[in-house]
Amino acid sequence: MTNPLLSDWDTPFQLAPFDRISDADFAPAFEEALKAHSAEIKAIAESDETPSFANTIEAMEAAGGALDKVLSVFFSVAGADSNPEREALQREFSPKLAAHFSAISSNKALFRRIAHVWEHRDAADLSDEQARVLMLSHRGFVRSGAALDGADGERMTAIMGRLAELGTGFTQNLLADEREWFMELEEGDLEGLPGFVVDAARAAGEEKGVAGPVVTLSRSIITPFLQFSPRRDLREKAFAAWAARGANGGETDNRDIAAEILALREERAKLLGYGSFADYKLETEMAKTPGAVRDLLMAVWAPAKAQAEADAAVLTEMMHADGVNGDLEAWDWRYYAEKRRKAEHDLDEAALKPYLQLERMIEASFACANRLFGLEFTPLDVPLYHPDCRAWEVTRNGAHVAVFIGDYFARGSKRSGAWCSAMRGQAKFPEVQAPVVINVCNFAKGDPALLSYDDARTLFHEFGHALHQMLSNVTYESVSGTSVARDFVELPSQLYEHWLEVPEVLAEFATHADTGEAMPEAILQKVLGAANFDMGFQTVEYVASALVDLAFHEGAAPADPMAKQAEVLEGIGLPKAIIMRHATPHFAHVFSGDGYSSGYYSYMWSEVMDADAFEAFEEAGSAFDGETARALEANILSTGGSVEADELYRRFRGRLPGVEALLKGRGLAA
Ligand SMILES: [Zn+2]
């Protein structure tokens, strides 16, 4: 019998035949698909035909079909419905996959053919999308070091090996420091702490083997402790330990590791021909240059700092009224901010919840997509990997567009968080393939299932990613859907969150589970008001971290990162009672790997765009303005990575985004 993962899927919409696949099928299918892909790559690399777009770039696009099928099924179930067997398979597959793809990107014969096609591109009569796919492929190989020979190539291999080691060491030291420290509490020290913090502190004490409750550096304990504990002395002690993670001296100190990582990154960038690591990293992003990133961050800095200073004055007053004299310190901020929040925006989550039924919120996300893009959703009865999964056929004017799968409920076998992935990406080459897209969330089950406001936002966020996949309309899968720059990929998702806040959407879909009544205006206003609370503080701690990250990677690597950090913070005048969201010795985004190195700005970059993009609808007079929706689909949702991100944005909006809408959205506009 053939392995169901490798057979032709003659199911409705060629969905994976989940009812026929068993865990025992994964390993043999994986091995066979890996071998098949290697053979396809070998044939392309060793061909004796003159290299052309068709026999090299298109051939690579067409290769690996079996591997795509096996991995799309495997990673879906491994992430959303795991078991010990699937976990073991994942441990087995991960290093094999890493080795497989690194063998391809360091294949010299293959790179020579790609370089040949690249050098002869002007005579090749390529379409714009073909030229783009060729550029991306060539650039990807160059960036991974495929063009380096001899000593340079060996040095690059050594650098990459050492960087991987250092990144792992950085993470482990941080975990060790977080694990090691705890502070025992007397029963009387629990005063003022909400029940969930007391429970967590008691459970942590048991875990540490001490008799009473303890504060640990786990975010779920330390943050609420700083927020709720009236004991200033204990807050100060806990805060000091929190701020010192990775900088406690001895074996787990991360400061020398950070310096070595920065030096090696600079050397790596120079070997590849870039002026700095930031130049290397930003080349593939919408921002493109360190200057563009700095301009954004500094445009936000001044208003955020002004707001934070005004808030600090209010909090200082509150502290003095409490009988505590002197300056507001970093361990006081969260405590007095929480008191202020309670006084100004007490939002009763329990009163809000009955208005946010999962079913109604799914309907709302579909209804908005219908009004904006004409999409229709019809439930599908097909076998999926878990009984909680649901599927819909997505059509427009009767024509098939995609299959959408929703897997909404939390369960022990699912990893935490929420995500969107394409079980099949959109493409027209080598044949037309319609997307199969899944949203996975971790909402609590119930009858009816009710969401928090954050949950409802998550639902819309992930559905925005799903639209980016489902409305994709390109030729090559490597540039379809969400295959875009990192600082562009959150635009469709964060943008879609705005429709949840459109009053007519809430009026129609946020109806009470028992009475069917629409959400009262007073609750809605509280929800919207609370969203911007303490935004000066949040923006300042974030931007300070992003500016330090940028300074580390721009120009020569600092021999002493801590001195550099101090210099940057001094230069921008960080308010006294606020520290960086992530100080260097525990800045895992930047040092645990290089995913977000000189890329920490990108969260805010996306927010600038989503705020500015939604304003296009407001300027047109309606959140459902047809012409603006068509422009959004034509220029952003259907184009994937087939065009540079800044060009796509310019086509949609007629200009690049400004920060004004973001400042307004965060309540920081003058
Ligand atoms: Zn997202």
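The structure we're discussing is the one just above.
In this report, we go over the structure that sits alongside the text. Note that this is a predicted model, so its numbers are computed, not measured. (Residues numbered from 1 in each chain as written. Predicted model: local features only at pLDDT ≥ 70, side-chain atom pairs only at ≥ 80, totals over all residues. Heavy atoms only, no water.)

### Considerations on the sheet that holds strand E4 (residues 390-396)
Taken together, the five strands give an open sheet; going across it, the order is E3-E4-E5-E7-E6, and neighbouring strands pair in mixed fashion. The two strands at the open ends of the sheet, each matched to only one other strand, are strand E3 (376-380) and strand E6 (419-424). Going from strand to strand, the sheet's axes swing by 30° on average, the running direction of each strand aside. On top of the sheet, helix H17 (residues 453-470) reaches E3, E4, strand E5 (399-409), E6 and strand E7 (436-443); it is set at about 170° to E7, its chief contact. (Pairing = 2+ DSSP bridges. Helix = DSSP H or I, 4+ residues; strand = E, 2+ residues; numbered from the N terminus. Axes fitted to C-alpha atoms, helices over the stretch in contact; angles between N-to-C directions. Contact = heavy atoms within 4.5 Å.)

### Concerning helix H1 (residues 26-45)
With 20 residues, H1 extends 28 Å from end C-alpha to end C-alpha; this agrees with the ideal 28 Å at 1.5 Å per step. Elements that come into contact with the buried residues of H1 comprise helix H2 (53-62), helix H3 (65-80), helix H4 (84-105) and helix H5 (108-119). (Expected span 1.5 Å × (residues − 1).)

### Some points on the coordination of the zinc ion
Within the protein, the zinc ion binds to His461 (NE2), His465 (NE2) and Glu490 (OE); these donor distances fall in the range 2.1 to 2.2 Å. For the zinc ion, the donor residues sit on a single chain with the sequence spacing H-x3-H-x24-E. Of this pair, His461 sits in helix H17 while Glu490 sits in the loop between H17 and helix H18 (491-500), and the two are 29 residues apart along the sequence. Since its relative accessible area comes to 13%, His461 is described here as buried. (Donors = N, O, S within 2.8 Å, 3.2 Å for Na, K, Ca; no water. Buried < 20%, exposed > 50% of the residue type's maximum accessible area, 1.4 Å probe, protein only.)

### Some remarks on unusual backbone geometry
In the segment running from Phe429 into Pro430, the intervening peptide bond is cis, with an omega of -5°. Structurally, Pro430 can be placed in the loop between E6 and E7. Positive phi, normally seen in glycine, also occurs at Asp534, with a value near 60°. Here Asp534 lies in the loop between helix H20 (521-530) and helix H21 (535-553). Its identity is not glycine, yet Ser598 carries a phi of approximately 45°, on the positive side. In this fold, Ser598 is placed in the loop between helix H23 (588-591) and helix H24 (602-619).

### Regarding the nonpolar core
Side chains of nonpolar character tend, in soluble globular proteins, to be buried together. One finds Trp333, Phe463, Met470, Phe488 and Trp499 to be the most contacted residues of the largest nonpolar core, which totals 130 residues. By residue number, the principal contributor to this core is H21, which donates 11 residues. The residues contacting Trp499, other than those within four sequence positions of it, are Cys368, Leu372, Phe460, Val505, Phe614, Phe617, Ala623 and Phe624. Ranked by size, the runner-up nonpolar core spans 34 residues in total, among them Ala29, Tyr385, Ala391 and Ile438. (Core = buried A, V, L, I, M, F, W, Y, C linked by side-chain atoms within 4.5 Å.)

### Here's the deal with the packing of aromatic side chains
Ring pairs (aromatic) are described by centroid distance and by the angle formed between their planes. As enumerated under the stated definition, the model contains 36 aromatic pairs in all. Judged by centre distance (5.3 Å) and plane angle (70°), the ring pair of Tyr274 and Tyr280 falls under edge-to-face. With centroids separated by 3.9 Å and ring planes inclined at 5°, the aromatic side chains of Phe366 and Phe377 adopt a geometry described as stacked. A residue pair is termed long-range when its members are at least 10 positions apart, and Phe366 in helix H16 (residues 358-373) and Phe377 in strand E3 qualify at 11 residues. For the residue pair Phe366 and Phe377, the accessibility class agrees, reading buried in each case. (Phe/Tyr/Trp six-rings, centres within 6.5 Å; stacked < 30°, edge-to-face > 60°.)

### Overview of the environment of Leu668
Assignment of secondary structure puts Leu668 in the segment after helix H27 (660-665). Not counting chain neighbours up to four residues away, the residues in contact with Leu668 comprise Pro303, Ala304, Gln307, Met535, Gly536, Thr539 and Leu663.

### Structural notes on the environment of Tyr476
Position of Tyr476 relative to the elements: it lies in the loop between H17 and H18. Residue Tyr476 is classed as buried on the basis of its relative accessible area, which comes to 3%. As for Tyr476 and Lys428, which are separated by 48 residues in sequence, their C-alpha atoms are 6.4 Å apart. Sequence-distant contacts of Tyr476, defined by excluding residues within four places in its chain, comprise Phe53, Glu58, Glu61, Glu129, Gln130, Val133, Ala427 and Phe429. At 2.5 Å, the side chain of Tyr476 and the side chain of Glu58 are in polar contact. (Polar contact = N/O pair within 3.5 Å; in protein donor to acceptor, adjacent residues only side chain to side chain.)

### A short note on the pattern of salt bridges
A complete count under the given rule lists 49 salt bridges for this structure. Close ionic contact of Arg202 with Glu187 constitutes a salt bridge, the shortest N to O distance being 3.2 Å. With Arg202 in helix H8 (residues 195-208) and Glu187 in the loop between strand E1 (182-184) and H8, the pair connects residues that are 15 residues apart, well separated along the chain. The class for Arg202 is partly exposed, based on a relative accessible area of 36%. (Salt bridge = Lys/Arg side-chain N within 4 Å of Asp/Glu carboxyl O.)

### Details of the side chain of His468
With respect to the helices, strands and loops of the structure, His468 is situated in helix H17. Overall, the relative accessible area of 0% leaves His468 in the buried class. Reaching out from His468, the side chain makes a polar contact with the backbone oxygen of Gly481 at a distance of 3.3 Å. Residue contacts for His468: discarding those within four places in its chain leaves Gly481, Thr482, Val484, Pro492, Ile636, Leu637 and Gly640.

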